[in-house]
Amino acid sequence: MRTAASPQLLALLPVDRTSGVPLHRQIYDGLRRAILGGMLRAGQRVPSTRALALELEVSRFPVLAAYEQLLHEGYLEGRVGSGTFVRAAPEDAPRPAAGSGGRAAPAGPRAGLPPRHGDGEGDAEGGLRPFRVSLPALDQFPRALWARLVGRHAHRLAPAHMSYGDPAGLAPLRAAIAEHLRTARAVRCEAGQVLVVPGSQAALRLCASVLLGRGDVVAMEEPGYAGARAALCASGADFAPVRVDAEGMDVAALHALGAGVRAACVTPSHQYPLGVSMSAARRLALLEWAAGREAWLIEDDYDSEYRYVSRPLGSLQGMDAAGRVVYVGTFSKVLFPAVRVGYLVVPPALWDAFVAAREALDLFSPTLYQLVLADFLAEGHFARHIRRMRAVYLRRRQALLDGLARHCGGLLAVHNADAGLHVATLLPDGVDDVEVVRRMAARGLAATALSTCYACGARRTGLLLGFGGSGEEAIEAATRTVGQVLRDVCPGPRG
């Protein structure tokens with residue numbers, strides 16, 4: 001028995017044969033607006049293509065084309081023997097803003113800013129759209145194990161754990177983090193140097209309050225992470241952009257800034273956004289600069305756990321003999337963003353100042369997740385999770401590279417895919433990457449425009465495409481959509 005189109009649905013599909021918009025696009029747009037606006041609900045059956053074509057008095061071909069696109073983008077799903085339904089959980093699609101009349105909300109002023117760490121960025125659905133840069137494989141997280149650990153501590157929570165905690169963090173967690181960093185990241189540290197904070201953004205804000213004052217200068221990578229610039233300049237400091245080349249931050253350019261630079265913030269293991277790893281020679285030169293100028297280095301060890309062309313690189317802090325490096329890390333990318341636990345490794349000379357600043361921030365971090373994380377690390381679950389996820393991300397990375405080669409050849413070039421959970425790509429000259437990202441968002445995809453990572457001067461255009469949060473099939477389908485968007489935007493021959 002076929003499902004007839006309801007009068008309400010037909011009202012959402014005002015087919016206009018005098019319009020220059022093709023019929024299949026009018027039908028696609030109408031159905032998509034109905035799904036995003038909540039007029040068609042998850043699990044609701046939609047009319048068959050034949051029934052809808054009869055009701056609209058059009059041929060079946062434009063309806064088939066519209067349904068095929070909606071199926072491909074995940075708005076609809078077919079069930080053998082049952083029909084076609086609104087997908088049960090189309091979280092990857094952008095939602096309309098209130099009062100938008102069912103249309104997807106346009107990109108806001110922060111749309112181009114890179115939601116890199118998962119700190120302070122997101123939407124009501126958790127930002128689960130394909131190509132989001134900050135998203136790990138949440139579908140692969142051992143939720144049952146985590147729930148058992150949470151239950152273990154929640155049921156036996158002692159009064160001492162329900163009171164005010166140490167602003168530096170829970171002692172067992174600090175010890176477990178220090179042991180992990182010594183063995184996995186070659187960080188020189190003891191538990192007494194580890195400071196637990198609510199994520200890497202909070203860690204950078206603490207660095208600003210301790211190391212920088214009004215009028216001080218902090219050198220930052222160009223291009224770099226806009227969130228870091230905002231955090232480190234929050235105390236009134238000025239920032240000086242320093243270009244990044246194939247070896248990382250250009251230390252010669254850093255020297256040219258003169259003696260007024262108080263600190264430099266770097267991502268040496270996996271530079272954001274370009275993905276390069278700082279060479280050993282450049283690291284030594286940077287440490288020499290810091291020791292000679294009595295300046296501080298803030299090492300944001302972004303995306304350091306996953307490398308695909310070599311073994312993970314050791315930390316810059318582990319090479320520091322002068323005690324000039326403050327090391328920043330987070331669990332948001334390796335576990336899940338909502339865990340809200342990050343950490344700093346602080347040089348002993350700065351410890352008291354950092355603890356005082358930490359206490360002023362919000363007294364201390366919630367105890368329950370600290371207890372759970374301490375067990376997760378100490379019992380070996382964290383190390384096993386990292387090992388398993390390397391294989392998962394390797395497959396997802398390959399699916400992205402294969403999809404880009406298949407669907408975007410000649411329209412986009414891969415710049416760096418050696419490490420981390422995103423691939424940096426470059427667009428042809430003259431192509432507006434912000435416009436490309438806007439069009440991708442309208443198709444349910446979340447990417448970051450490379451040009452938005454520049455603070456000033458000449459900007460390269462490209463796309464940062466995260467692959468951690470989506471499976472291989474979804475990635476392949478999403479690359480097909482990217483190709484369609486690029487063919488609409490890029491000048492010159494198409495096809």
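These figures come from a predicted structure and were not determined experimentally.

Q: Talk me through the overall build of the protein; I want residue IDs and the actual numbers.
A: On a plain count of helices and strands, the protein comes out with 16 helices and 15 strands. Looking at the protein as a whole, 53% of its 495 residues are labelled buried. Working note: accessible area of the protein is about 21000 Å², and carbon and sulfur atoms make up 54% of it.

Q: Tell me about the sheet that holds strand 13 (residues 422-426), residues and numbers included.
A: Pairing in this open sheet of four strands is antiparallel, and the strands run 12-13-15-14 from one edge to the other. In the strand order of this sheet, the two ends are held by strand 12 (413-416) and strand 14 (448-449), each with one partner. For strand 14 and strand 15 (residues 462-466), the ladder comprises two bridges, and the chain directions are antiparallel. Each residue of the ladder has a partner; that of Ala449, found in strand 15, is Leu463. Each of strand 12, strand 13 and strand 15 is contacted by helix 14 (residues 381-407), which is oriented at about 25 degrees to strand 13, the strand it contacts most.

Q: Describe the nonpolar core, naming the residues involved and giving the relevant values.
A: Of all hydrophobic cores here, the largest spans 66 residues; its most connected members are Phe331 and Met440. Here the element with the most residues in this core is helix 14; it accounts for nine residues. Excluding its chain neighbours within four sequence positions, the residues that come into contact with Met440 are Phe131, Leu445, Ala447, Leu463, Leu465, Val482 and Val485. Counting residues in each nonpolar core, the second largest holds 42 residues, with Tyr272, Leu274, Leu426 and Tyr454 among its members.

Q: Explain helix 5 (residues 143-155) residue by residue, including any values.
A: An ideal rise of 1.5 Å per residue puts 18 Å on 13 residues; helix 5 measures up with 18 Å between its terminal C-alpha atoms. Listing the buried residues of helix 5 in full gives Leu145, Trp146, Leu149, Val150, Gly151 and His153. Contacts made by the buried residues of helix 5 are with helix 13 (367-378) and helix 14.

Q: Tell me about the sheet that holds strand 3 (residues 83-86), residues and numbers included.
A: Spatial strand order, 1-3-2: three strands in an open sheet with antiparallel pairing. Either end of the sheet is taken by a strand with one partner, and the two such strands are strand 1 (45-46) and strand 2 (76-79). Where strand 1 and strand 3 come together, two bridges link them in antiparallel fashion. Within strand 3, the position partnered with Arg45 by the bridge is Phe85.

Q: Account for the confidence of the model for the protein, naming residues and giving values.
A: Averaged over the protein, the pLDDT score is 84; the fraction of residues at 70 or greater is 88%. For the protein, the element scoring lowest by mean pLDDT is helix 1 (residues 7-11), at 64; strand 4 (residues 194-197) scores highest, at 96. The low-confidence segment residues 89-126, where pLDDT is below 50, has 82 contacts with residues more than four positions distant or belonging to other chains.

Q: Which residues make up the packing of aromatic side chains, and what values go with them?
A: The description of an aromatic ring pair uses the distance of the two centres, along with the angle that the planes make with each other. If you walk through the whole model with that rule in mind, you get 14 aromatic pairs. Where Phe141 meets Phe376, the ring centres are 6.2 Å apart and the plane angle is 25 degrees; that geometry is what we call stacked. Of this pair, Phe141 sits in the loop between strand 3 and helix 5 while Phe376 sits in helix 13, placing them 235 residues apart in sequence. For the pair Tyr225 and Tyr272, a centre-to-centre distance of 5.8 Å together with 80 degrees between the ring planes defines the contact as edge-to-face.

Q: Can you break down the environment of Ala413 residue by residue, with the values?
A: Considering the arrangement of structural elements, one finds Ala413 in strand 12. Under the relative-accessibility criterion, Ala413 is labelled partly exposed at 41%. Separated by 15 residues in the primary sequence, Ala413 and Pro428 place their C-alpha atoms 8.4 Å from one another. Discounting residues that sit within four places of it in the chain, Ala413 has contacts with Ala424, Thr425 and Leu426.

Q: Describe the pairing of strand 12, and please don't skip the residues or the numbers.
A: Consecutive side chains of a regular strand alternate in pointing toward one face of the sheet and then the other. In the sheet, strand 12 pairs with strand 13 via three bridges, with the strands oriented antiparallel. Looking across to strand 13, one finds that Ala413 is bridged to Leu426. Counted along the chain from strand 12 to the antiparallel partner strand 13, the turn is five residues long, and its residue Gly420 has a positive phi close to 75 degrees.

Q: Outline the packing of helix 8 (residues 200-211) against helix 12 (residues 351-362), supporting the account with residue identities and numerical values.
A: Relative to each other, helix 8 and helix 12 sit at 120 degrees, their axes nearing to 10 Å. It follows from the interaxial angle that helix 8 and helix 12 lie oblique. Like other packed secondary-structure pairs, helix 8 and helix 12 cross with a definite hand, here right-handed. Where helix 8 abuts helix 12, its residues Ala202, Leu206, Cys207, Ser209, Val210 and Leu211 lie against Ala353, Phe354, Ala357, Arg358 and Leu361. A breakdown of the residues in the contact of helix 8 with helix 12 according to their chemical character gives nine nonpolar, one polar and one charged.

The rules we used
Residues numbered from 1 in each chain as written. Predicted model: local features only at pLDDT ≥ 70, side-chain atom pairs only at ≥ 80, totals over all residues. Heavy atoms only, no water. Helix = DSSP H or I, 4+ residues; strand = E, 2+ residues; numbered from the N terminus. Buried < 20%, exposed > 50% of the residue type's maximum accessible area, 1.4 Å probe, protein only. Areas by Shrake-Rupley, 256 points an atom, 1.4 Å probe, with all protein chains shown as cover. Pairing = 2+ DSSP bridges. Contact = heavy atoms within 4.5 Å. Axes fitted to C-alpha atoms, helices over the stretch in contact; angles between N-to-C directions. Core = buried A, V, L, I, M, F, W, Y, C linked by side-chain atoms within 4.5 Å. Expected span 1.5 Å × (residues − 1). pLDDT = per-residue confidence, 0-100. Phe/Tyr/Trp six-rings, centres within 6.5 Å; stacked < 30°, edge-to-face > 60°. Parallel < 35°, antiparallel > 145°, perpendicular 65-115°, else oblique. Left-handed = near helix turned anticlockwise from the far one by under 90°. Nonpolar A, V, L, I, M, F, W, Y, C, P; charged D, E, K, R; others polar.

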